[in-house]
Each structure stands twice: as structure tokens, then as C-alpha cells.
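Overview (structure and organization)
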Amino acid sequence: MNEHGESDRSVVPANPANKAAAAEAGEERERAKGNTDGETRPGRSAGPGVSSELGRVREVARRDKDARFTALLHHVSLSRLRWAYRAIRPQAAPGVDGVTWAAYGQDLESNLRDLHERVQQGRYRASPSRRVYIPKADGRQRPLGIATLEDKIGQRAVVEVLNAVYEVDFRGFSYGFRPGRSPHQALDALAVGIERKKVNWVLDADIRDFFGQLDRDWLEKFLRHRIADERVLRLIGRWLAAGVVEEGVWSEGAGAPQGASVSPLLANVYLHYVLDLFVEWWRRHHARGEVIIVRFADDFIVGFQYEQDARRFLAGLRVRLAKFGLELHPDKTRLIEFGRFAAVNRAAKGRGKPETFDFLGFTHICGVTRSGWFQLKRITIARRMRAKLAEVKDQLKRRMHQSIPEQGRWLASVVHGHMAYYAVPGNTQAVAAFRDQVTRHWLKALRRRSQKTRITWERIGRIEARWLPPARVMHPYPNVRFDARTQGRSPVR
């Protein structure tokens, strides 16, 4: 998909049977409509009244892969800014100016008109981001840059305009932070690729500090392949150069601030030229066997039929990334034997079970069905579950004064949110274990409220049955959902 000479007809030719990415594999189908032909709606809360004024931009981008757009800023209209504001969570943390969503909305129309005029007249100036740190599952801290509300509005509006250009360029195996795509779709594509393609080796790759190492000069060159509107490029440059404020001290920062609304799109643009096009070229010109890839933002998994292909690709990838200021993390990048035949091949060589790898919150394991057929098992990453349970335990201490119904409603939302992501087929046991541990923490928290507690295991059983949703599968099998999405009006291209 998106190969040279892409068809504009109502039917896109079927994917090549060999060396195709899992996310692109599928039968002949109608042209995608979800991301490319529908109305452009700024922000996730955009309503039916938003105009489809970007339709011509999208059509030109699809028809002419070398087209450069010289007039895009006028699409950042007042209505687009309004919907961008409504797409921001009202509880979003304020930036360095302390302006909240509610405060900005008290005189919304006046504020948006002023913002629109400054953007269109070139008088808009970006504010530095406020640096905060959030804990990661491995105990480290992830730096985030919280932009001011006005910057968030402007960034969201510009991203919606640029999506009209880049959504027709991005490859089918790219899933991260794109309209109509989700982590579970990436997981489905990976599972189907491993189960249906001749995958014997898996490259579990991690780019070291991607957002911090992203080269702004190269990014500008990549953007100029498609964007010739200097006003839009200046806006993006101002957001990147605004810097960060940490404990009252300003610093220039590097790369793209992780957490900014514009950063995911910029990351996808950067990796589209650095990684995606390289993978397509490499597997077309150098691979002897089948090669699959699924990428979600800067996390990606590559599967190979032959070990020689995998090792040559890894060597070439290191050189490719180094050219653009990036490098693979030496401790988190592994080439492992994995796939339908991995267990048999390793047993023949006197080796142990196939290794596992983590991707998008799940540990992927080579398993077997009761009848002995290969089955890709996906279970919750243990350290992530422990980190979430520790967070629940800490929050229960803070909510100890609340009534049981208040605590129950909050814990129900926690368990339901956990299940909404992790309750995939084959992971019910881990989801049930999470629910059980939440119940244990709840029991301990209730018992601490009084030395004469009457909370017994029998009673907590009735309480958790009343408030906590039962553990159950909430997602279809990967092949079912993947096949449904890659036929007919599929958002996968």
C-alpha cells in the first residue's frame, strides 16, 4: 500500500503474497474510507457541523505524491480552533501560565478570535512547556512537557490540517497516534503476521530516547518534502524552540517535547522517512524471505523468515538510524527465535523454550492449543501490573475516609479500565489476578479504618461482587478483528 503508482480507482490491488507487512496483508478490497475520504474533523470531539474543507488537500496529496502544499495555514480556522479547544480534556494540567480549560472558556469566543488573528498575522508566540516527570513501569522517570492551553489548541488545529496530507503517505504498518487507529489494531496485525507468515525470528527493537534525540534539522527537511507553507513551518519551529521550564529555570531542550500535541505527528513524519521507507526498500531489494513489521510511534517489532535476513537488517538499521541522529538501545534491542516453528527448531538443537518479548503492554509467548497447534499467547507485562497495583494501594490509603460506595465506584472504574485494555483472549487469568489483588488491597484498607473491624473475607466477597466487574474477555480474537478491518471499508491501507 502506498507504493509507487498507487491506484486512485475504487479497488486497490491485493497485497503481494511475499515479503508483505502483517498490517498490509489482505485480500483485494475497496479503497480505504475511514481516514482518507471522510470529513476532516478537528479534535476527537468534532461534530457533524465541521466542514470538509481539507478534502481537496487530501485528494491532491493522494493523487500527487510529490506535491508540496504552499497554502495550509488558512485551514487553521476559527471553527477548527474551537473544536480543538473542545477536544482537550477539561481536567488537563495547565502550562506555565497557569491557565486552565475552564478559565479559558469563560470568554472562549473572544480568546479564540484573538488567537486566530495572531496565528494568521504571524504575531503568535509559543510559550515554553512545563517540565514534569511521571513514573515508568521500570521505576525510571519519563519527562513530559506540558504546553499552555493556547499552545495545545493551536497544535491540535495544525495537526488536523497536516493529517490531511500525511495520512495518505503513512504506511499501513504504522499505527501510533493516527486517526482511527489504536494499540489493539497494532497488536492484532502483529499476531496475525506471526501466525500466518513464515516468521521464525523477531527483532524487538527500542530507539534510545527517541523524542529527545530527534534531529530538528532533519525534521525540517522531511516536512519540506510536503509542506511549502513557510507560516506553518515557522509555527512548528516556534513550538520546538520554545524550550521547557523546570523549577522556574528555562532551558532550550532538544528534540520534540514528549507530551505536546504536535509531537506524535512529528515523530511519525520523522520515522516515516527514517524507518518506514527504509524497511520497505530493504525487504524489496535485500530480503530473501518474508519480512513483517508493526510500528506504534517509536516502538516497533520486525519479524523475519531467515536469521541471516534478520542480522543483515539489524546491521543496516543501525547505520540508517545513526545517519539521522538516532541509535538502538543496546540493552533493549534483541533478536530472538520466535514463531510457529521456534519451539520445534530449538528442541532439535537442544535449546530451551523460545524467548518472549514485550510490546504495547503485553508479553508475547510461543504457546500451543490443546490440540497441539501453535498459538501466540499474550499476557499482561508483570511489572506493569505490579506498578498499577502499587498505585491502587497508595490511592486506597488516600481514600480511606471515603464510604464503601465511593471507593467501590472508583475501584470499579479502575478495574473496568484495566479490563478494557488487557482483557484479550488468553489473558483472562492475568486479568482475574489483577481483580483479586485489588480486592485484597481494598480489604486491607477497610480493615485499617478501625481496630474493631467487621470486614471479613465473606463480607469483602459480597462487596467486591457488588462493585467490581467480573473478569471476562472484552476483545475478539486478533484474526477476527483484523480480517474484518482489512476487508470492505477498511481504515488499513
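The sections below set out a description of the structure shown in this document. (Residues numbered from 1 in each chain as written. Predicted model: local features only at pLDDT ≥ 70, side-chain atom pairs only at ≥ 80, totals over all residues. Heavy atoms only, no water.)

Looking now at the overall build of the chain. Of the regular secondary structure elements, the chain holds 17 helices and 13 strands. Burial status across the chain gives 50% buried among its 493 residues. Long-range contacts, defined here as pairs at least 24 residues apart, represent 72% of the contacts in the chain between residues at least 6 apart. Per element, the accessible surface of the chain, about 23,300 Å² overall, is 50% carbon and sulfur. (Helix = DSSP H or I, 4+ residues; strand = E, 2+ residues; numbered from the N terminus. Buried < 20%, exposed > 50% of the residue type's maximum accessible area, 1.4 Å probe, protein only. Contact = heavy atoms within 4.5 Å. Areas by Shrake-Rupley, 256 points an atom, 1.4 Å probe, with all protein chains shown as cover.)

Our focus in this paragraph is the pairing of strand β8 (residues 291-296). Burial of β8 is extensive: six of the six residues sit out of reach of the surface. Residues V291, I293 and R295 point to one face of β8 and I292, V294 and F296 to the other, with burial holding for every one of them. Of the pairings in the sheet, the one linking β8 to strand β9 (residues 299-304) comprises six bridges and is antiparallel in character. Considered in β9, the bridge of F296 is made with D299. Hairpin remark: β8 followed by β9, antiparallel, with two residues in the connecting loop; positive phi at A297, about 60°. (Pairing = 2+ DSSP bridges.)

Further remarks concern the sheet that holds strand β7 (residues 249-251). Taken in spatial order, the four strands of this open sheet run β4-β3-β6-β7, and their pairing is mixed. Strands with a single pairing partner mark the edges of an open sheet, and in this sheet they are β4 (141-146) and β7. Between one strand and the next, the sheet's axes are offset by a mean angle of 40°, whatever the strand orientation. Note: strand β3 (residues 129-135) against strand β6 (residues 244-246), two bridges, orientation parallel. Bridging across to β6, S129 finds its partner in V244. (Axes fitted to C-alpha atoms, helices over the stretch in contact; angles between N-to-C directions.)

Aromatic ring pairs are defined here through the distance separating the ring centres and the angle between the ring planes. Tallying each qualifying case throughout the model produces 20 aromatic pairs. Residues Y85 and W101 carry aromatic rings whose centres are separated by 4.7 Å and whose planes lie at 5° to one another, so their mutual orientation is stacked. Of this pair, Y85 sits in helix α2 (residues 78-87) while W101 sits in helix α3 (residues 101-105), and the two are 16 residues apart along the sequence. Look at Y85 and you get buried, because its relative accessible area is 4%. Relative to Y421, the ring of F362 has its centre 5.7 Å away and its plane inclined at 25°; by these criteria the two rings are stacked. With F362 in strand β12 (residues 362-368) and Y421 in helix α14 (residues 404-422), this pair connects stretches of sequence that are 59 residues apart. With a relative accessible area of 0%, F362 lands in the buried category. By the ring-pair criterion, three or more aromatic residues cluster together here, those being F210, F211, W218, F222, Y270, Y273 and F324. Against the face of W467 rests R466, its NZ or CZ located 4.0 Å from the ring centre. (Phe/Tyr/Trp six-rings, centres within 6.5 Å; stacked < 30°, edge-to-face > 60°. Lys NZ or Arg CZ within 6 Å of the ring centre and 35° of its normal.)

A word on the environment of T100. Mapped onto the secondary structure, T100 falls in the loop between α2 and α3. In sequence terms T100 and P90 are 10 residues apart; their C-alpha atoms lie 7.9 Å from each other. The contacts of T100, once residues within four sequence positions are left out, are P94 and L149.

Turning to the side chain of R181, a few remarks are in order. With respect to the helices, strands and loops of the structure, R181 is situated in the loop between α5 (149-166) and α6 (183-196). It turns out R181 is buried and unbridged, and the closest side chain with the opposite charge, E167, is 5.2 Å from it. One polar contact links the side chain of R181 to the main-chain carbonyl oxygen of S174, over a distance of 3.0 Å. (Lys, Arg positive; Asp, Glu negative; His and termini not counted. Salt bridge = Lys/Arg side-chain N within 4 Å of Asp/Glu carboxyl O. Polar contact = N/O pair within 3.5 Å; in protein donor to acceptor, adjacent residues only side chain to side chain.)

Turning to its location among the elements, D204 is positioned in strand β5 (residues 201-206). If we skip the residues at most four places from it in the chain, D204 touches I301, K332, T333, R334, F357 and D358.

A few words now on the sheet that holds β5. Taken in spatial order, the four strands make up an open sheet running β8-β9-β5-β10, and their pairing is antiparallel. Taken across any chain shown, the strands that pair with only one partner, and hence form the sheet edges, are β8 and β10 (334-337). The sheet shows a mean angle of 15° between the axes of neighbouring strands, taken without regard to direction.

So, on to unusual backbone geometry. The phi dihedral of E247 is positive, around 55°, even though this residue is not glycine. Within the secondary structure layout, E247 lies in the loop between β6 and β7. Note on E247: relative accessible area 79%, which makes it exposed. Even without being a glycine, L360 presents a positive backbone phi close to 55°. Mapped onto the fold, L360 is located in the loop between β11 (357-359) and β12.

With that settled, consider the packing of helix α10 (residues 263-285) against helix α11 (residues 307-323). Where α10 contacts α11, the axes come no closer than 11 Å and their chain directions differ by 145°. At the point where α10 passes α11, the crossing takes the right-handed sense. Contacts between α10 and α11 involve Y273, V274, L275, F278, V279 and W282 on the former and, on the latter, D309, R312, F313, G316, L317, R320 and L321. Residue composition of the contact of α10 with α11, by class: nine nonpolar, one polar and three charged. (Left-handed = near helix turned anticlockwise from the far one by under 90°. Nonpolar A, V, L, I, M, F, W, Y, C, P; charged D, E, K, R; others polar.)

The values are spatial; any link to function lies outside them.
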